[in-house]
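Observations on chain architecture
Each chain, written out:
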Amino acid sequence: MTDTLSFNQTLRAIAEFIEVAIHTILYVRQIYPPDLFVRRKKYDTPVYQSRHPALNEYISGAVKAVTDELVLGNVDKVVVVIKDKDHVALERFIFSVKNMIQVQSYDKDTSVQDAMTPATLSQYFRSFLIKLAMIESQLGLLEQHEDSSFAIVMELNDDKVPSVGQDKDPPPWVPENQQHTTSGSSEDSQLYLLRAVDTGIISLSLAVQESGEKFQKVASSDPKGKGKEKT
């Protein structure tokens, strides 16, 4: 009989997937030139990974800090924000996480009955990435993408604050621009759920949100009304 996931296995798998997905988002939304990425294979599907050392270090450092908060059950959402040259959020890729069960610290490496197997979770991650790879057909190209940038935003559960590391490095998180967060989205933003999975231990969903500011930019640059319409 195949062993089911433990809490720590699930947490590490989700953190690794988020890191892979961030690279994929940057590639498919063309935040950087395509030749900055190298084609790899993960979860039995092609993926693209940045080969720029500083960018990779930033992403891995952010994901490590997210993982530290996931261990404590503090994280509500991890958001990859695509910004224009004025740092206005155009798109938000929203990873929502929720602990479905409480696991004592001494049991976090023990397989959880009725949880998923690692192989099944990998298949779900594959389907997430396939959805991401096709997102351009849903969102269209970003206008003036050469001026776009991104940020990784962590939204915590109510009454939680980021923990302080044991080392002497400064805290990895700083207060974010409110407009970059999901709570700062305008009423005319549009949200699309891409995929969700409940592992039996932690649930994970991925959605993409187009901001009202993005629709306004498209409308202002397309006076004849030939731009992408909201549905």
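The text that follows walks through the structure, step by step, so that each part is easy to find. (Residues numbered from 1 in each chain as written. Predicted model: local features only at pLDDT ≥ 70, side-chain atom pairs only at ≥ 80, totals over all residues. Heavy atoms only, no water.)

1. Observations concerning the packing of aromatic side chains
Condition: Put simply, two rings from Phe, Tyr or Trp (the six-membered ring, in Trp's case) pair if the centres are within 6.5 Å, and we call them stacked under 30 degrees between planes, edge-to-face over 60, tilted for the rest. Each helix is a run of H or I in the DSSP string that is no shorter than four residues. Each strand is a run of E no shorter than two, and both are numbered from the N terminus. Relative accessibility thresholds used throughout: buried, under 20% of the residue-type maximum; exposed, over 50%; partly exposed, between the two (1.4 Å probe, protein chains only). Only lysine NZ and arginine CZ atoms are considered, and such an atom sits over a ring when it is within 6 Å of the ring centre and within 35 degrees of the ring normal.
By the definition in use, this model includes 10 aromatic pairs. Considering the side-chain rings of Phe 125 and Phe 128, the 6.4 Å spacing of their centres and the 65 degrees angle between planes classify their relative orientation as edge-to-face. Placement of the pair is Phe 125 and Phe 128 together in helix α3 (residues 118-133), with a separation of 3 residues, close to one helical turn. Judged by its relative accessible area of 1%, Phe 128 is buried. Above the plane of the ring of Tyr 43 lies Lys 42, whose end atom (NZ or CZ) is 5.2 Å from the centre.

2. So, the environment of Lys 42
The condition that has to hold: Should any heavy atoms of two residues lie within 4.5 Å, those residues are counted as being in contact.
When you line up the elements, Lys 42 lands in strand β1 (residues 37-42). With a relative accessible area of 25%, Lys 42 lands in the partly exposed category. As for Lys 42 and Phe 125, which are separated by 83 residues in sequence, their C-alpha atoms are 9.2 Å apart. Those residues in contact with Lys 42 that lie beyond four places of it in its chain are Glu 16, Val 20 and Val 47.

3. Things to note about the pattern of salt bridges
This is how the line gets drawn: When a carboxyl oxygen of Asp or Glu is within 4 Å of a side-chain nitrogen of Lys or Arg, the pair counts as a salt bridge.
Using the criterion set out here, one finds 7 salt bridges in the structure. A salt bridge links Glu 16 to Lys 42, with the shortest nitrogen-to-oxygen separation between them at 3.0 Å. With Glu 16 in helix α1 (residues 7-28) and Lys 42 in strand β1, the pair connects residues that are 26 residues apart, well separated along the chain. Notably, a salt bridge pairs Arg 29 with Glu 91, separated by 2.8 Å at the nearest N-O pair. Residue Arg 29 is found in the loop between α1 and β1, and its partner Glu 91 is found in strand β4 (residues 89-99); the two are separated by 62 residues along the sequence. Pair check on accessibility: Arg 29 and Glu 91 agree, each one buried. When salt bridges that share partners are traced, they join Arg 29, Glu 91, Glu 210 and Lys 214 into one network.

4. Thoughts on α1
For clarity, the cut-off: Here a helix's expected span is defined as the number of its residues, less one, multiplied by 1.5 Å.
The end-to-end C-alpha separation of α1 is 31 Å, in line with the 32 Å expected for 22 residues at 1.5 Å each. Among the 22 residues of α1, 17 are classified as buried, and the element is accordingly described as predominantly covered.

5. Observations concerning the pairing of strand β3 (residues 75-83)
The line we're drawing: DSSP bridges decide pairing: two strands pair if at least two such bridges lie between them.
Burial within β3 is extensive, with 8 of its 9 residues counted as buried. Sheet analysis places β3 next to strand β5 (residues 149-156), joined by 8 bridges and oriented antiparallel. Note on β5: the bridge partner recorded for Lys 77 is Glu 155. A loop of 5 residues connects β3 with β4, the two strands running antiparallel in sequence, and His 87 in this loop sits at a positive phi of about 65 degrees.

6. Focus on the nonpolar core
Definition in use: Take the buried Ala, Val, Leu, Ile, Met, Phe, Trp, Tyr and Cys residues and link them wherever side-chain atoms come within 4.5 Å; each set so joined is a nonpolar core.
Phe 17, Phe 93, Phe 95 and Leu 204 are the most contacted members of the largest nonpolar core, which totals 57 residues. Residue assignment for this core shows that the elements contributing at least two residues are α1, α2 (53-71), β3, β4, α3, β5, β6 (190-198) and β7 (202-210). Here the element with the most residues in this core is α1; it accounts for 13 residues. For Phe 17, the contacting residues outside a window of four places in its chain are Tyr 43, Phe 95, Phe 125, Phe 128, Leu 129 and Leu 204. The next biggest cluster of nonpolar side chains, apart from the first, holds 5 residues, and it includes Val 79, Val 81, Ala 89 and Ile 94.

7. Let's talk about the pairing of β1
Bridge count between β1 and strand β2 (residues 45-50): 6 bridges; the pairing is antiparallel. Bridging across to β2, Arg 39 finds its partner in Tyr 48. Counted between consecutive antiparallel strands, the loop separating β1 from β2 contains 2 residues, among which Tyr 43 sits at a positive phi close to 55 degrees.

8. Some points on the packing of α1 against α2
This is how the line gets drawn: Note on method: axes are straight lines fitted to C-alpha atoms, helices fitted across the in-contact stretch only, with angles between N-to-C directions ranging 0 to 180 degrees. Helix crossings are classified by the rotation of the near helix relative to the far one: an anticlockwise turn of less than a right angle makes the crossing left-handed, while a clockwise turn makes it right-handed. Note on residue classes: Ala, Val, Leu, Ile, Met, Phe, Trp, Tyr, Cys and Pro are nonpolar, Asp, Glu, Lys and Arg are charged, and everything else, Gly too, is polar.
Between α1 and α2, the least distance of the axes is 10 Å, while the angle of their chain directions is 145 degrees. Like other packed secondary-structure pairs, α1 and α2 cross with a definite hand, here right-handed. Side by side, α1 and α2 meet where Leu 11, Ala 15, Glu 19, Ile 22, His 23 and Leu 26 of the first sit next to Leu 55, Asn 56, Ile 59, Ser 60, Val 63, Thr 67, Leu 70 and Val 71 of the second. Taken together, the residues of the contact of α1 with α2 sort by class into 9 nonpolar, 4 polar and 1 charged.

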